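Residues per chain are reported as follows:
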Amino acid sequence: MSADLARLAAGVLLVPEGAPEPVAFAAEELGAYLGRMFGPSPVQRSVAGPGGAWLCLAPADAPVAVRALAVPAGAEWVVRPADDAAVVSGASPRALLAGVYGLLEAAGCRWAPRGTHEEHVPRPDTARRPVAALELRPAFARRAFAADLATWHYGVPERLAARLPSDVAFVDWMAKRGATGLLFIRHANDTQWVIPELVPELRRRGLDVEGGGHVLVELLPRSLFAAHPERFPLAPDGRRSDLGNVCAASAAALAVVRERAAAALAALPGATDFHLWGLDLPGGGWCACPSCARLSPADQALSVCNAVAETLGAGTRVLHLAYHDTLESPRAVRPHPRVWAEFAPRERCYAHPLDDPACATNAPYRRALDAHLTLFAGRVHVFEYYGDAILFGGCTVPLAEVVQRDLDYYARAGVRGVSCLVFGQYSLWAYGVNVEAFARGAVSPAAAASARGTHAAGFGRAAEPVARYLAALERVMAGVVTYGDVLLPPAEAERAAAVRAALAAARRQAPELRRLLAAAPVRLAAEEHLLDYTFAVLGALERWLAAADAEAREAALAALAGAVRHVRAAGLVGAGTWGLHDLEITHHFFAGALRARGAGQ
Ligand SMILES: [Zn+2]
Ligand SMILES: [Zn+2]
């Protein structure tokens, strides 16, 4: 007799005695979804015997002996029919939960990042009832999402409260999609390491709470500057400065950094990784003293990571950031075995995959990644920007194909982990395809191909026209996302002319995109607002690049600022708190940079 899910739903669910919280949660989830699919829910029975991360579904009339099922090397979880029973086993409690969701997905469940109300749960007549043998061998061991702590506005209770429900839904979806953790990125102005309200949601599912970020400023308190200026970087003007990171040659400074990093890691619930990055500046504020001057910024940053890795000890990892002025691989300093590189190619071209030989912009990034893979002996993670609302200026940029081809390349190159920056609900709105493609592709790059269809399926009856629209939009926006921050087109004349031509080409496609969207059988107001915003921005940038005088430049900037109204029109449900509160600040920042540049012309 073969294992039949409908019959098992009416049976018993064996749970190892004293199971950790994510295993108990996995049992609850399995029972609840089987109940929704078939009516009855299996009766949970706690059993002694092999502990660990496994669950066994057995028929009510013929309970089987408990079988411990070993997870093969290289696999994270397995599902196996065993006579008329079924066993799910995970290499960890989190992996077991992912295995349960894998079993349910194979039976026809479809997950949704905006919440369970958008999920599809099959009925007895549409569910796939035979339990198939399944096994997950992921392309990347670490599959994380990352978000800046500041985007939670945790100092403003009503804003925090407004976004938390969507975060809880997102964390739930992360577990369903097989992600491994969430990185809370701390910046210079932050006062906390995590969003405490989300920690129980992550831990219940066995997801990693990852912390750190641009934290060197926090690890070397600026209050020490008055008494110990020599611990701080020597600026290019020859003076010690409390604005930058640290003098990497100062043993006293490193002692403080080591001690405070250990305390920070201890304050991160269950964390074993610490992301130790310098200031988030294009010129990151490294030291020019005689001892440090022979070291590149990357060498200085790595030497700090090495010192901290020594302090944090066995079982921990320190992540060194390759980004902006530390993008090039260190040359003089060798990494401690517990230091990993985190490669963050933010200003790359997103029109092409990173290894596309036709893309001159991406070639140096590919070489830098290779150099890190060599120096760090494969201990490399990639930090990607597929959901970065600042990089893309809030414009909608579907990247299903680039995400798929990037992840395929990263996996082939030997990258061991990947993460993707997101901005809450805004990223699901403007980059929903990418978020889906990343989550799927991080497990198996080829699976990213289905992201456009999955995202479009969330539009119900409009799914088919939306999928066509997204494919066309992806082609049009590929012409634009070639130069880093969308709101900051290049100043150099030849590149500026090329971008202006690309913006004009995109503008000519706008009517076709509107026509494709209007073909949907239901009104897609939020999508229309997003498209209106995107083309208002692109149009304003085109005007800026064409502007002949100060008056024309100001008119272009006014048009750019005015574009934000389209995002506001989408409200909280569409644009999230980031769209309602942060987008405008981003605009002010970039407009200031453009205005300063215009003044120099
Ligand atoms: Zn120095
Ligand atoms: Zn390119």
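What you are looking at is a predicted structure, and each value in this text was computed from that prediction instead of being measured.

What counts and what doesn't
- Residues numbered from 1 in each chain as written.
- Chains lettered and ligands numbered in written order.
- Predicted model: local features only at pLDDT ≥ 70, side-chain atom pairs only at ≥ 80, totals over all residues.
- Heavy atoms only, no water.
- Helix = DSSP H or I, 4+ residues; strand = E, 2+ residues; numbered from the N terminus.
- Rg over C-alpha atoms; globule rule 2.2 N^0.38 Å.
- Buried < 20%, exposed > 50% of the residue type's maximum accessible area, 1.4 Å probe, protein only.
- Donors = N, O, S within 2.8 Å, 3.2 Å for Na, K, Ca; no water.
- Salt bridge = Lys/Arg side-chain N within 4 Å of Asp/Glu carboxyl O.
- Domains from an automatic or database assignment.
- Pairing = 2+ DSSP bridges.
- Axes fitted to C-alpha atoms, helices over the stretch in contact; angles between N-to-C directions.
- Contact = heavy atoms within 4.5 Å.
- Core = buried A, V, L, I, M, F, W, Y, C linked by side-chain atoms within 4.5 Å.
- 1 Å grid on protein atoms, 1.4 Å probe; cavity = no way out; pocket = protein on both sides within 12 Å on 5 of 7 lines; lining within 4 Å.
- Points joined across faces, edges and corners; volume = space filled by probe spheres on them.
- Nonpolar A, V, L, I, M, F, W, Y, C, P; charged D, E, K, R; others polar.
- Phe/Tyr/Trp six-rings, centres within 6.5 Å; stacked < 30°, edge-to-face > 60°.
- Lys NZ or Arg CZ within 6 Å of the ring centre and 35° of its normal.
- Right-handed = clockwise from strand over helix to strand, strands pointing away.
- Expected span 1.5 Å × (residues − 1).
- Bend = angle between axes of the 7 residues up to and from the residue.
- Polar contact = N/O pair within 3.5 Å; in protein donor to acceptor, adjacent residues only side chain to side chain.

(A) Local environment of the overall build of the chain. Counting secondary structure elements, the chain contains 19 helices and 14 strands. Relative to the globule expectation of 25 Å for 601 residues, the C-alpha radius of gyration of the chain, 25 Å, shows essentially globular dimensions. With respect to the three principal axes, the spread of C-alpha positions in the chain is 80 × 60 × 50 Å. Residues classed as buried in the chain amount to 58% of the 601 residues present.

(B) Structural detail: the coordination of the zinc ion (ligand 2). Surrounding the zinc ion (ligand 2) are the protein donor atoms C349 (SG), H352 (ND1) and C359 (SG), which sit 2.0 to 2.3 Å from the metal. Summarised as a motif, the one-chain spacing of the donors to the zinc ion (ligand 2) is C-x2-H-x6-C. A residue is classified by how much of its surface remains accessible, and H352, at 27% relative accessible area, is partly exposed.

(C) Quick peek at the pattern of salt bridges. A full pass over the atoms with the stated rule returns 36 salt bridges. Its salt-bridge partner being R129, residue D4 comes within 3.3 Å of it at the nearest N-O pair. Of this pair, D4 sits in the segment before helix 1 (5-9) while R129 sits in the loop between helix 3 (93-106) and strand 6 (134-136), and the two are 125 residues apart along the sequence. We classify R129 as partly exposed; its relative accessible area is 36%. Where E135 meets R80, a salt bridge forms, and the shortest distance between an N and an O atom there is 2.8 Å. With E135 in strand 6 and R80 in strand 4 (residues 77-82), this residue pair connects regions lying 55 residues apart in the sequence. For E135, a relative accessible area of 33% translates into the label partly exposed. Residue R80 is classed as partly exposed on the basis of its relative accessible area, which comes to 26%.

(D) Region of interest: the domain arrangement of the chain. Domain assignment breaks the chain into domain 1 (5-136), domain 2 (142-423) and domain 3 (464-599). Summarising the inter-unit geometry, the C-alpha centres of domain 1 and domain 3 are found 46 Å apart.

(E) Fine view of the coordination of the zinc ion (ligand 1). Distances from the zinc ion (ligand 1) to its protein donors, namely C247 (SG), C287 (SG), C289 (SG) and C292 (SG), fall within the range 2.2 to 2.4 Å. Taken in chain order, the donor set of the zinc ion (ligand 1) reads C-x39-C-x1-C-x2-C. Of this pair, C247 sits in the loop between helix 6 (216-219) and helix 7 (251-266) while C289 is found in the loop between strand 10 (273-277) and helix 8 (297-312), placing the two residues 42 residues apart along the sequence. Here C247 matches C289 in class, with each residue buried.

(F) Representation of the sheet that holds strand 8 (residues 181-186) within the structure. With respect to topology, eight strands assemble into a closed barrel ordered 7-8-9-10-11-12-13-14, the strand pairing being parallel. Recorded for the sheet is a direction-independent mean angle of 25° between the axes of neighbouring strands. Here strand 10 pairs with strand 11 (residues 317-322) via four bridges, running parallel. Among the inter-strand pairings, F274 is bridged to a residue of strand 11, identified as V318. Relative to strand 12 (residues 339-343), helix 9 (residues 363-375) is tilted by about 170°, and along the sheet it contacts strand 11, strand 12 and strand 13 (380-384). Along the sheet, helix 12 (residues 432-443) contacts strand 7 (142-148) and strand 14 (417-421); its crossing angle with strand 7, the most-contacted strand, is approximately 150°.

(G) Focus on the nonpolar core. Within the largest apolar cluster, 200 residues are counted, with the highest numbers of intra-cluster contacts made by F145, F274, Y410 and Y426. Sort the elements by how many residues they give to this core and helix 16 (residues 525-546) lands first, with ten residues. Not counting the four nearest positions on each side in its chain, Y426 is found in contact with A389, G394, Y431, L530, Y533, V567, A575, W578, G579 and L583.

(H) How the structure looks around unusual backbone geometry. The residue H324 is not glycine, and still its phi comes out positive at about 50°. Within the element layout of this structure, H324 appears in the loop between strand 11 and strand 12. By relative accessible area, which is 25% here, H324 ends up partly exposed. Here A377, not a glycine, exhibits a phi torsion of approximately 50°, which is positive. Here A377 is to be found in the loop between helix 9 and strand 13.

(I) Broad picture of the layout of surface pockets. Of the volumes computed, that of the largest pocket is approximately 1400 Å³. Lining of the largest pocket is provided by 44 residues; of these, H187, D280, R346, I390 and F589 occupy positions nearest its centre. Residues of the lining of the largest pocket, tallied by class, amount to 25 nonpolar, nine polar and ten charged. Three or more residues apiece are contributed to the lining of the largest pocket by two domains, here domain 2 (142-423) and domain 3 (464-599).

(J) Summary view of the packing of aromatic side chains. Taken as a whole and judged by the stated rule, the model has 20 aromatic pairs. Ring geometry for F145 and F170: centres 5.1 Å apart, planes at 75°, overall edge-to-face. Of this pair, F145 sits in strand 7 while F170 sits in helix 4 (residues 157-176), and the two are 25 residues apart along the sequence. Judged by its relative accessible area of 1%, F145 falls in the buried class. Consider the rings of F589 and F590, whose centres lie 5.1 Å apart with planes at 80°: the pair is edge-to-face. Residue placement shows R317 over the ring face of W340; its charged tip is 4.4 Å from the ring centre.

(K) Region of the structure containing the pairing of strand 10. Judged by how many residues are buried, strand 10 sits mostly within the fold: five of five residues are covered. In the classification by handedness, the crossover that spans strand 10, the intervening helix 8 and the parallel strand 11 is right-handed.

(L) Just helix 3, in detail. Across its 14 residues, helix 3 extends 20 Å between first and last C-alpha, which sits within 8% of the 20 Å expected from 1.5 Å per residue. The set of residues buried in helix 3 consists of R94, A95, L96, L97, A98, G99, V100, Y101, G102, L103, L104 and E105. Following helix 3 by one or two positions, G108 has its phi on the positive side, about 120°.

(M) Examining helix 4 more closely. In a regular helix each residue adds 1.5 Å, so 20 residues correspond to 28 Å; helix 4 covers 29 Å between its end C-alpha atoms and thus fits that length. Approximately 35° is the largest bend angle found in helix 4, and it occurs at L164, with the proline P165 only one to four residues beyond. Within the sequence span of helix 4, burial applies to L160, R163, L164, D167, A169, F170, V171, D172, W173, M174, A175 and K176. Downstream of helix 4 by a residue or two, G178 has a phi angle that is positive, lying close to 85°.

(N) Geometry of the environment of R294. As for its placement among the helices and strands, R294 is situated in the loop between strand 10 and helix 8. In the structure, R294 is positioned 143 residues away from T151 in sequence and 37 Å away in space, judged by C-alpha atoms. In terms of polar contacts, R294 uses its side chain to reach the backbone carbonyl oxygen of S291, at 3.4 Å.

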